[in-house]
Amino acid sequence: MARLCEGRVAIVTGAGRGIGREYALMLAEHGAKVVVNDLGGARDGNGADIGPAAEVVAEIKAMGGEAVANGADVSDWEASKAMIDQAVSTFGKLDVLINNAGILRDRMLVNMTEAEWDAVIKVHLKGAFAPAHHAAAYWRDLNKATGESVNGRIINTSSVSGIYGNIGQTNYGAAKMGIAGFSIIASRELRRYGVTVNCIAPGALTRLTEDLGPPVTDERREAMSPRWIAPIAVWLASEESAEVSGRMFEASGQTLAIAEGWHRGPTVKPVSDPTVLGPIVKDMVARARKNAGMDGQDLD
Ligand code: NAP
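Reading the values: the criteria
Residues numbered from 1 in each chain as written. Predicted model: local features only at pLDDT ≥ 70, side-chain atom pairs only at ≥ 80, totals over all residues. Heavy atoms only, no water. Pairing = 2+ DSSP bridges. Helix = DSSP H or I, 4+ residues; strand = E, 2+ residues; numbered from the N terminus. Core = buried A, V, L, I, M, F, W, Y, C linked by side-chain atoms within 4.5 Å. Buried < 20%, exposed > 50% of the residue type's maximum accessible area, 1.4 Å probe, protein only. Contact = heavy atoms within 4.5 Å. Axes fitted to C-alpha atoms, helices over the stretch in contact; angles between N-to-C directions. Near = heavy atom within 4 Å. Polar contact = N/O pair within 3.5 Å; in protein donor to acceptor, adjacent residues only side chain to side chain. Areas by Shrake-Rupley, 256 points an atom, 1.4 Å probe, with all protein chains shown as cover. Nonpolar A, V, L, I, M, F, W, Y, C, P; charged D, E, K, R; others polar. Lys, Arg positive; Asp, Glu negative; His and termini not counted. Salt bridge = Lys/Arg side-chain N within 4 Å of Asp/Glu carboxyl O. Domains from an automatic or database assignment. Buried area = accessible area lost by both parts, 1.4 Å probe.

Visitor: Even after reading the chapter, I still don't get the pairing of strand S8 (residues 256-259), so can you show me in this structure?
Guide: On a regular strand, each side chain points to the face opposite its neighbour's, so the side chains alternate between the two faces of the sheet. Where strand S7 (residues 248-252) and S8 come together, four bridges link them in antiparallel fashion. Bridge assignment links Phe249 to a residue of S8, and that residue is Ile258. Linking S7 back to S8 in an antiparallel pair, the connection comprises three residues.

Visitor: What's the story with the nonpolar core in this structure? I'm lost.
Guide: The nonpolar side chains of soluble globular proteins are, as a tendency, buried together. Grouped together as the largest cluster of nonpolar side chains are 35 residues, with contacts concentrated most on Tyr23, Leu27, Val34, Val36, Ile60, Ile98 and Ile200. Taken together, the elements giving at least two residues each to this core come down to strand S1 (9-12), helix H1 (18-29), strand S2 (33-37), helix H2 (51-62), strand S3 (67-70), strand S4 (96-99), helix H8 (230-237) and S7. A total of seven residues in this core trace back to one element, the largest contributor, which is H1. Discounting residues that sit within four places of it in the chain, Leu27 has contacts with Cys5, Ala10, Val12, Ala32, Val34, Ile98, Val234 and Ala237. Of all hydrophobic cores here, the second largest spans 24 residues; its members include Val9, Leu97, Ala135 and Ile154.

Visitor: Looking at this structure, how should I read the sheet that holds strand S5 (residues 152-157)?
Guide: Working definition: the strands of a sheet are paired by backbone hydrogen bonds and lie parallel or antiparallel to each other. If you trace the eight strands from one edge of the open sheet to the other, you get S3-S2-S1-S4-S5-S6-S7-S8, paired in mixed fashion. Each of the sheet's edge strands pairs with one partner strand only, and the pair in question is S3 and S8. Pairwise comparison of adjacent strand axes, ignoring direction, gives a mean angle of 20° for this sheet. As judged from the six bridges shared by S5 and strand S6 (residues 195-203), these two strands associate in the parallel manner. If you follow Ile155 over to S6, its bridge partner there is Asn198. Here H2 sits on the sheet in contact with S2 and S3, set at roughly 180° to S3. In the packing of helix H4 (residues 114-146) onto the sheet, the strands contacted are S4, S5 and S6, and the crossing angle to S4 comes to about 170°.

Visitor: Quick question: what am I supposed to make of the site of the ligand here?
Guide: Surveying the vicinity of the ligand reveals 29 residues, the closest of which are Ile19, Asp38, Asn100, Tyr172 and Thr206. At a separation of 2.4 Å, an oxygen atom of the ligand approaches a polar side-chain atom of Asp38. Take Leu39: an N or O atom from its main chain is 3.5 Å from a nitrogen atom of the ligand. In isolation the ligand offers 890 Å² of accessible surface; the protein chains occlude 94% of this area. Contributing elements (two or more residues each) for the shell around the ligand: H1, H4, helix H6 (170-190) and S6. For the shell around the ligand, the per-class residue count stands at eleven nonpolar, 13 polar and five charged.

Visitor: Help me understand the side chain of Glu250 in this model?
Guide: By the element assignment, Glu250 lies in strand S7. One buried charged side chain, Glu250, makes no salt bridge at all; its nearest oppositely charged neighbour is Arg289, positioned 10.0 Å away. Among the polar contacts made by the side chain of Glu250, one reaches the side chain of Tyr164 at a distance of 2.5 Å. Beyond its immediate chain neighbours, meaning those up to four positions away, Glu250 contacts Val160, Tyr164, Ala201, Thr255, Leu256, Ala257 and Ala259.

Visitor: Help me out: how do you make sense of the domain arrangement of the chain in this one?
Guide: Accessible area lost upon the coming together of the parts serves often as the stated size of an interface. On domain assignment, one finds that the chain holds domain 1 (9-259) and domain 2 (266-300). In this structure, domain 1 and domain 2 have C-alpha centres spaced 35 Å apart. Between domain 1 and domain 2, the contact holds five residues from the first and four residues from the second. When domain 1 packs against domain 2, the two sides together hide about 370 Å² of surface, and 67% of this comes from carbon and sulfur. Of all residues in domain 1, Val160, Tyr164 and Asn166 bury the most surface against domain 2, accounting for 85% of the area lost on that side. On the surface where domain 1 and domain 2 come into contact, there are zero salt bridges. Across the contact surface, domain 1 and domain 2 share zero residue pairs in polar contact (both at pLDDT 80 or more). Among the residues forming the side of domain 1 that touches domain 2, the class breakdown is two nonpolar, three polar and no charged.

See the structure below:
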């Protein structure tokens, strides 16, 4: 088997279970050395011997790969910096950062608490920003020192809940749509150093989603296995993907697709009098493409 990520060094956040665990395992299968981050249970800050992350590290080592555990809360600024430093001090460099860690606190807008909003925004948005910032600073310094493209990769995690919009998830959807915008901007900023930034909007049965849909059968478990999402992550992590940046990939056991971004639709000249706007706006709305539903197709 050709190995796509031979010798590359990758951090995967939230990799103790679910989708992140599959990323870590497949990256290792393809020759990458992996920092397996997961908050785990008790947090002592040094990242050693932490439950779920340590188990994934053991799995990678058992198949002959190299990995190390990290217990950082990715939304913690200093802990994120230490995680980037750990990759470099352990494996000599960093090539790939996959921001995958996440939580849910679903609630209808009218019932959502401030704490539920803050927790989700913190883990997803700051938890993508903090590691990305520290990794980007590392790559910029490396680029300046060597004058060469660093072939760095940031792969962020969005969701159809955000880019298309799922009821009951204003907090999570706002964070995931925020990550989409963040990724496009970061892809433009970091291109000069040879760093690409892409997003994956995954769909899988994991601890996060198991109790949300219909009953879990063996057939559904296989069709919705998080394993289906790892191939696109591994390809994006590889040097082969250097030309692809600022993209949103939908990935699941059912589909691999590119979700296209916002585009300007019907346009008119600005109007100074709001009383004449009624028919103008109704005509523009009638001519505009409808927003997409959760399947990525135009809503009826
Ligand atoms: P999961 O099985 O619950 O895995 C998420 C992991 O993130 C957990 O292992 C959790 O660790 C870790 N984590 C949470 N907060 C963290 C923090 N502050 N710092 C470090 N690690 C943290 O869920 P998943 O389904 O694999 O989700 C992975 C990503 O995909 C998430 O960003 C999620 O929003 C996104 N996503 C998933 C789906 C889906 O269908 N499953 C759909 C759209 C988007 P501990 O619990 O051990 O602390």
